[in-house]
Every structure is written in C-alpha cells, then in structure tokens.
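The primary structure of each chain is shown beneath.
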Amino acid sequence: QKHLAESGGGLVQPGGSLRLSCAASGFSLVNSAIAWFRQAPGKAREGLSCVGSTDNHAYYSDSVKGRFTISRDNAKNTVYLQMNSLKPEDTAVYYCAGDSSLSTVVRGPGYWGQGTQVTVSS
C-alpha cells in the first residue's frame, strides 16, 4: 500500500519559516512525481509545487515562487517544502500527493497524505 504522511506544520509568525516533510512508505519516491497542495477554509485547493520522478527539477506556482522550495531526499524517501517569508494568506492545510508523472500528479493525484495545518498569525 502506498502512503504519504505530512509533518512539520504549526503556528508561525508572519515573515517566519517552516519546513514541511512528506514521508513515503510502501513505495519508493524515485518512481513517483510528488506535488504539494494547500486548501484554506472556503477556498479551492491550490497547487503549489511539484518535482518529477527521475530528477530534482522543480516547479512552482506564482503565489509561492521565490518563497517556497521543494526538494527530495531519496535516501530518506522524503520530499520537503521549505516555506520562507510566510504570510497570513499562506494559512491552510498543506497536502502532499503523488502519481506516476508530473502531468498526472498536477491534474489528479492518485494518492494523498492526510494534511498538516499551517497557521501564520501574529
């Protein structure tokens, strides 16, 4: 069974930083594309970043480009999202998701983590 588990969320002040982790089990991340999404109350789910299955090429939405960085550690079977310069509008539940390719993980991921809450507030 394929599982993803997010961790690292919490409460942070505006301008602060958090690093989210997405740990995979039951499969190897080297064979999957992984994406980060978020959803705030009353808003649609938003794609933030993704990384391919064969290399570390990364892609970002305009809302987070320059502030967030996605990376993967194949030895730990984990993908990270480093979030800097956080704003109150970044408050949301953050999810990682996976699928076989970048195109499919962006459009309709096959499997999701449970989510981790990020709250940015003074």
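Refer to the structure above for everything that follows.
Every value quoted in this text rests on a predicted model; they were computed, and no experiment measured them.

J.: Go over the overall build of the protein with me, naming the residues and quoting the values.
T.: Secondary structure assignment for the protein yields one helix and eleven strands. A globule of 122 residues ought to have a C-alpha radius of gyration of about 14 Å, and the protein, at 13 Å, matches this closely. The principal-axis extent of the C-alpha atoms belonging to the protein is close to 40 × 30 × 25 Å. In the protein, buried positions account for 43% of the 122 residues. Considering only contacts within the protein whose residues lie at least 6 apart along the sequence, 56% involve residues at least 24 apart. With the model as given, the accessible surface of the protein reaches about 6,100 Å², and the carbon-plus-sulfur share is 49%. Between the centroid of the 11 positive side chains of the protein and the centroid of its 8 negative side chains there is a distance of 1 Å.

J.: How would you sum up the nonpolar core? Please name residues and give values.
T.: With 26 residues, the main nonpolar core has Leu4, Trp36, Phe68, Leu81, Met83 and Tyr94 as its most contacted residues. Elements supplying a minimum of two residues to this core: β3 (18–25), β4 (33–39), β5 (46–51), β7 (68–73), β8 (78–83), β9 (92–99) and β11 (116–120). With four residues, the top contributor of residues to this core is β3. One finds Phe37, Cys50, Ala97 and Val105 within the second-largest nonpolar core, a separate group that totals six residues.

J.: Explain the side chain of Thr78 to me, using residue names and the numbers behind them.
T.: Within the secondary structure, Thr78 sits in strand β8. Here the side chain of Thr78 touches Lys76 through a polar contact of 2.9 Å, landing on its backbone oxygen. Once residues within four sequence positions are removed from consideration, Thr78 is found in contact with Ser21, Cys22, Ala23, Leu29, Ser71, Arg72 and Asp73.

J.: Give a description of unusual backbone geometry that names residues and reports values.
T.: Look at Asn77: it is not a glycine, yet its phi comes out positive at around 55 degrees. Its place among the elements puts Asn77 in the loop between β7 and β8. You can call Asn77 buried: its relative accessible area is 16%. One non-glycine residue, Ser85, adopts positive backbone phi at about 50 degrees. Mapped onto the elements of the fold, Ser85 is located in the loop between β8 and β9.

How each quantity is defined
Residues numbered from 1 in each chain as written. Predicted model: local features only at pLDDT ≥ 70, side-chain atom pairs only at ≥ 80, totals over all residues. Heavy atoms only, no water. Helix = DSSP H or I, 4+ residues; strand = E, 2+ residues; numbered from the N terminus. Rg over C-alpha atoms; globule rule 2.2 N^0.38 Å. Buried < 20%, exposed > 50% of the residue type's maximum accessible area, 1.4 Å probe, protein only. Contact = heavy atoms within 4.5 Å. Areas by Shrake-Rupley, 256 points an atom, 1.4 Å probe, with all protein chains shown as cover. Lys, Arg positive; Asp, Glu negative; His and termini not counted. Charge placed at Lys NZ, Arg CZ, Asp CG, Glu CD. Core = buried A, V, L, I, M, F, W, Y, C linked by side-chain atoms within 4.5 Å. Polar contact = N/O pair within 3.5 Å; in protein donor to acceptor, adjacent residues only side chain to side chain.

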